[in-house]
Amino acid sequence: MYALTLNSALALALLGPAASDASAPASDATTKARLDEIFGEDAKSPAPDEGAAPAPAPASAPAPAPAPASAPASEPGAEVPASAEAPAPGAEAAPEALPSLGPSAFDEVSAEEASPPEEEASDAAPEAAVETEAAPKLPPSPVWPDIPVRWRVEFMIGAGTSSFYGRDYTFFDDDDRRMVNPVVELRADAKLAGPFYLGGGFGYRFGESSASPFGDGQSSLKLHEPRGFMRFSYEPVQGVDVYGDLALGLAVVDYVVELDTRSEERRYAFVGDALVGTALSLPKRWLPRRGSSRTTVGLDFGIGYSYRSPVEIQPSFELDDEPISTDFSSFGKLSLHGLTWRLGVFVRFM
Amino acid sequence: MSKLLNFTLGLGCLGGLACEYAPAFEEALDISGPVATDAALTWVDHGREELVFFVPRDDDYVVRRRALTKPGERVLWNQPTLDRSELLVLGGPADAKQEEVEETLYRLPADGDGDAVEYDVLAPFTGLALSPDGAHGVLYFSGTDTDAPLNNANEVSIVDLEGSEARNLTLNGFGGRVRDVQFPGRDATGEPSPVDVGGISRDIVTFLADGEIVLVDMLNEGADQVAVRFGDTGNFNPTQTLLRPAGGGVDDPALFVRSANSADVAMLFLKDKPDEETGEPGFTASINLVPVGAGVTDFLHHDEDEVPYLITANATTQRFAFTDIRTQESFDVGAEGPVTEIFLRDQARGDLTVRQLVGWARGSTEIHTLDLDGIGSSIGRRPRHLKVERGIDDLVVLDNDRVLVGAGTVLYVVDISKEQVTPLESKAPYDPRSSALDDQILLLGTPGQPWVSTVDLEGLNPESMLLDDTIADFFYLSAAGKVVTTHIERFGHLTVADARDPSRGDAYVAWGFLLEGILD
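About the thresholds
Residues numbered from 1 in each chain as written. Chains lettered and ligands numbered in written order. Predicted model: local features only at pLDDT ≥ 70, side-chain atom pairs only at ≥ 80, totals over all residues. Heavy atoms only, no water. Phe/Tyr/Trp six-rings, centres within 6.5 Å; stacked < 30°, edge-to-face > 60°. Buried < 20%, exposed > 50% of the residue type's maximum accessible area, 1.4 Å probe, protein only. Helix = DSSP H or I, 4+ residues; strand = E, 2+ residues; numbered from the N terminus. Lys NZ or Arg CZ within 6 Å of the ring centre and 35° of its normal. Contact = heavy atoms within 4.5 Å. Buried area = accessible area lost by both parts, 1.4 Å probe. Salt bridge = Lys/Arg side-chain N within 4 Å of Asp/Glu carboxyl O. Polar contact = N/O pair within 3.5 Å; in protein donor to acceptor, adjacent residues only side chain to side chain. Nonpolar A, V, L, I, M, F, W, Y, C, P; charged D, E, K, R; others polar. Pairing = 2+ DSSP bridges. pLDDT = per-residue confidence, 0-100. Axes fitted to C-alpha atoms, helices over the stretch in contact; angles between N-to-C directions. Patch = residues over 30% accessible without salt bridge, like charges linked within 9 Å, V, L, I, M, F, W, Y side chains within 5 Å. Areas by Shrake-Rupley, 256 points an atom, 1.4 Å probe, with all protein chains shown as cover. Lys, Arg positive; Asp, Glu negative; His and termini not counted. Charge placed at Lys NZ, Arg CZ, Asp CG, Glu CD.

Observations regarding the packing of aromatic side chains
Two numbers describe a pair of aromatic rings. These are the distance of the centres and the angle of the planes. The tally for this structure, following the rule as stated, stands at 24 aromatic pairs over all chains. Ring centres of Phe 171 of chain A and Phe 172 of chain A lie 5.2 Å apart, and the angle between their planes is 80°; this geometry places the pair in the edge-to-face category. As far as the burial class goes, Phe 171 of chain A and Phe 172 of chain A line up, both buried. For the ring pair Phe 54 of chain B and Phe 513 of chain B, a centre distance of 4.7 Å and an interplane angle of 45° mean the geometry is tilted. Note that Phe 54 of chain B is positioned in strand β3 (residues 50-56) and Phe 513 of chain B in the segment after β42 (508-511), a separation of 459 residues in sequence. Across the pair, exposure class does not vary: Phe 54 of chain B and Phe 513 of chain B are buried alike. When the ring centre of Tyr 197 of chain A is taken as reference, the NZ or CZ atom of Arg 152 of chain A above it lies at 3.7 Å. One Lys or Arg, Arg 187 of chain A, reaches over the ring of Phe 346 of chain A and ends 5.4 Å from the middle of that ring.

Considerations on the interface of chain B and chain A
Listed by partner, the interface residues are 41 residues for chain B and 42 residues for chain A. Overall, the association of chain B and chain A removes approximately 3500 Å² of surface from exposure, summing both partners, and the carbon and sulfur fraction of that is 58%. Remark: the boundary between chain B and chain A carries one salt bridge. Between Arg 490 of chain B and Asp 216 of chain A there is a salt bridge, with its nearest N and O atoms 3.0 Å apart. For the interface between chain B and chain A, the tally reads 20 residue pairs in polar contact (both at pLDDT 80 or more). Secondary-structure elements contributing two or more residues to the side of chain B that touches chain A are α1 (2-11), β38 (461-466) and β42 of chain B. Taken together, the residues of the side of chain B that touches chain A sort by class into 25 nonpolar, seven polar and nine charged. Pairing between strand β9 (residues 326-328) of chain A and β42 of chain B: three bridges, direction parallel.

Thoughts on the confidence of the model for chain B
All names here are of chain B. Of the residues in chain B, 92% reach a pLDDT of 70 or more, and the chain-wide mean stands at 87. For residues 5-10, every residue scores under 50 in pLDDT, and the model assigns this stretch seven contacts once sequence neighbours within four places are set aside. Predicted confidence for residues 14-18 stays below pLDDT 50, and this span has eleven contacts to residues more than four positions away or in other chains. Overall fold confidence for the complex sits at a pTM of 0.74, while the interface term, ipTM, reaches 0.77.

Examining the pattern of salt bridges
All names here are of chain A. Tallied over the full model, the rule gives 52 salt bridges over all chains. Between Glu 208 and Lys 222 there is a salt bridge, with its nearest N and O atoms 3.8 Å apart. With Glu 208 in strand β3 (residues 196-211) and Lys 222 in strand β4 (residues 218-237), the pair connects residues that are 14 residues apart, well separated along the chain. Note on Glu 208: relative accessible area 44%, which makes it partly exposed.

Some remarks on the confidence of the model for chain A
All names here are of chain A. The pLDDT averaged across chain A works out to 72; a share of 61% of its residues lies at or above 70. In the predicted structure, residues 1-29 sits below a pLDDT of 50 and forms 59 contacts with residues beyond four places in sequence or in another chain. Within the model, the stretch residues 38-132 combines pLDDT values under 50 with 115 contacts to residues more than four positions away or in other chains.

Thoughts on the sheet that holds strand β30 (residues 384-387) of chain B
Residues and elements named next belong to chain B. Pairing is antiparallel in the open sheet, where four strands are placed in the order β27-β28-β29-β30. Strands at the two margins of the open sheet, each flanked by one partner only, are β27 (341-349) and β30. Within the sheet, the average angular offset between the axes of one strand and its neighbour, ignoring direction, is 30°.

Points about the side chain of Thr 495 of chain B
Secondary-structure assignment places Thr 495 of chain B in strand β41 (residues 493-498). A distance of 2.7 Å separates polar atoms of two side chains, one belonging to Thr 495 of chain B and the other to His 487 of chain B. Not counting chain neighbours up to four residues away, the residues in contact with Thr 495 of chain B comprise Ile 324 of chain A together with Met 465, Leu 467, Val 483, Val 484, Thr 485, His 487, Ala 507, Tyr 508 and Val 509 of chain B.

Some thoughts on unusual backbone geometry
A negative phi angle characterises most non-glycine residues, just as the trans form characterises most peptide bonds. Residues and elements named next belong to chain B. The step from Gly 33 to Pro 34 runs through a cis peptide bond, and the omega angle for that step is 5°. Mapped onto the elements of the fold, Pro 34 is located in strand β1 (residues 31-36). Positive phi is not limited to glycine here, since Leu 122 has a value of about 75°. Tracing the sequence through the fold places Leu 122 in the loop between β8 (117-120) and β9 (127-130). In the Ramachandran plot, Asp 305 falls in the positive-phi region, its phi being about 55° despite a non-glycine side chain. The residue Asp 305 is located in the loop between β23 (296-304) and β24 (307-314) in this model.

With respect to a negative patch on the surface
Residue and element names in this part refer to chain B. Taken together, the side chains of Asp 59, Asp 456, Glu 458, Glu 463, Asp 501 and Asp 506 define an acidic patch exposed on the protein surface. Relative to the helices and strands, Asp 59 resides in the loop between β3 and β4 (61-67). With relative accessibility at 70%, the residue Asp 59 sits in the exposed group.

A word on the pairing of β38 of chain B
All names here are of chain B. Relative to β38, strand β37 (residues 451-456) runs antiparallel, the two being bridged by six bridges. Of the residues in β38, the one forming a bridge with Ser 453 is Ser 464. Hairpin connection between β37 and β38: a loop of four residues separates the two successive antiparallel strands, and Leu 460 in this loop has a positive phi of roughly 55°.

Printed below as a string of structure tokens:
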């Protein structure tokens, strides 16, 4: 870490006038104090016998200091090598090296802060030299390379409702045709090309309702729905995803009907969802580690259509020993399908 | 189609936020019944305005829901035809706002599967009387319990149950309110009962009101009604009618009318009389009174030795009275015990068959039998008695030879021809009305206990089958060959067993069938 920081600071000092139009003076006393505090004596300008230019030199140099010709950091997206063997910058190499500089591998803002304007640097050179000797050197702020996102893993927890069409559901719900659905999902996707992602995941959705059919009866319904899904997502702007989900899963339907006699039954159905939605997350630049951030959080809103294969409602109850053959009538098919939406919060690992 | 509509409507409401909610199962079940035909049990689901037919088969059953044909219509009542081969359903407006809905009587197949015959009957009648031959039904207001704000209490409708015509009329009486409808030619159930009046066959129905009676010919629509008033004193209120065809020395048919509070029986001779205005064939009645003494509780007619007798049972004197309706001469025979009701049967005496009078009374311990052959000339003939040890709670005539007597926890099978009284004892009181006869097998299913029993009337060997629940009602479905016992449960709970040999192995229980398909 130290080597990386020191090397970066040096490189920034050399790059400063060409790479930045920032106006912050390199000789800021406060910054020096901070440098001193962070790096101690090591942060001071290297000794002349080490072959490096004296601290004021970059500021007083008529031309921008050259960056190391082979600096790996010049490659976009690559991390700065934390190597102390990076070639020391030399005044001779500067003219040739400068044009070959690509986009800075360093945090742009850090570079700007660390590089005074060329004119100011020339004018203030004598004073800066004096001050440099009197105060600790300016430390570089931490820099975070902009690591491109190649895959994402998300965990979401949320809730929503399903609105069922048809009168059959009202046998299990006195209030309305909506069922509240808590939902959790674990999903992952990978970048296809450009801003497009493709992935999938697993989720679990729960629902519950109850009613009093025929005045004095009791009925209740519980849905447990483990589902797997595919997701196609488009991220036009970092932090904004528009997605489409196609899900398939199992619906475990537990129901209780108590009409003079209590009956508890379990049925199975398959469930399919088609959702569209948007996931809004904090973009990297708003995060502490900025381009290097690997974790963010966000909100997910999806809406779509949910279909479950009809299940037969056929209450039955336990009979006495050796009963007469008993047939329990089917009340009909419970068909749970309709619009569904959910709102959730998620944490994303990139 | 409805599912597609639901789906389409559903897409229009986001997340259900704008969806109208219509609870479908909030109201308490409003189901009445059952009514039994010979093939099915029928309930009326008033909540959905549907008829629910439960049709038992050998190993399974069919539940058939059938809505009436008109929207805004509800079922007022339903009742089987006399032979239980069809179901009669009166439909009317669901409420007073359904002005376009008229009262209609529907005649449906026993199992509900098939087209209905419709009769426009014009009024929400509350009573139905069926003619003994099953050919006619008469709808009338049997009481004041009607929803109509204003109704004509003497409006009736005579429907042809073998055709599709309904004849609506108002009784042309003297202002009395109809209390009962009777078919006086009641000799035998299932047999036609027309009488010949002046060469024209007439099927007479009588409408009984306080102090008067109205006669209507059901076969001849053009014939005038005949109304007879029994004085102004109000002490003759018709309660029972009996029609005797002409013959036996009597030229005209005679209609006997009994009043519970009179010492006389009115005898109305029906005579041919064309309508005075139109000249259409009609009939009239001439009144005679037959003194029988106070306390007569039942009567019938019988010709013996060419003498037309009116036989009455007198509960007060405990005697049978025989009155020659030509001369009104009479004699009586002591019943030697309480007697309130009488009926006739045939008794084999060697190669001969003689008519026999059977009398009995609730609460008594004897059934009296009196041979009628030569009754007019046999001085000192006495009845014979069959002892019913525990007393008679109720008596059901099974066939010509056998009657069933309920007496608390004992059920007596009485073979009158053999003068054999067989007690069948149980732990619960038997209801002889919850019984049926399938050839020589007597089927019993008394409510309140969990047994269906059979008695082979040849060997009188009873066998019982234990049900899983107590019986609420017992039905015998002759066309299906099943006995069905319902149990106390609002959502449909019954047991079906084979009528000839009920056993748990062949029986089955159906539960919840009144809710079958309610979610669909």
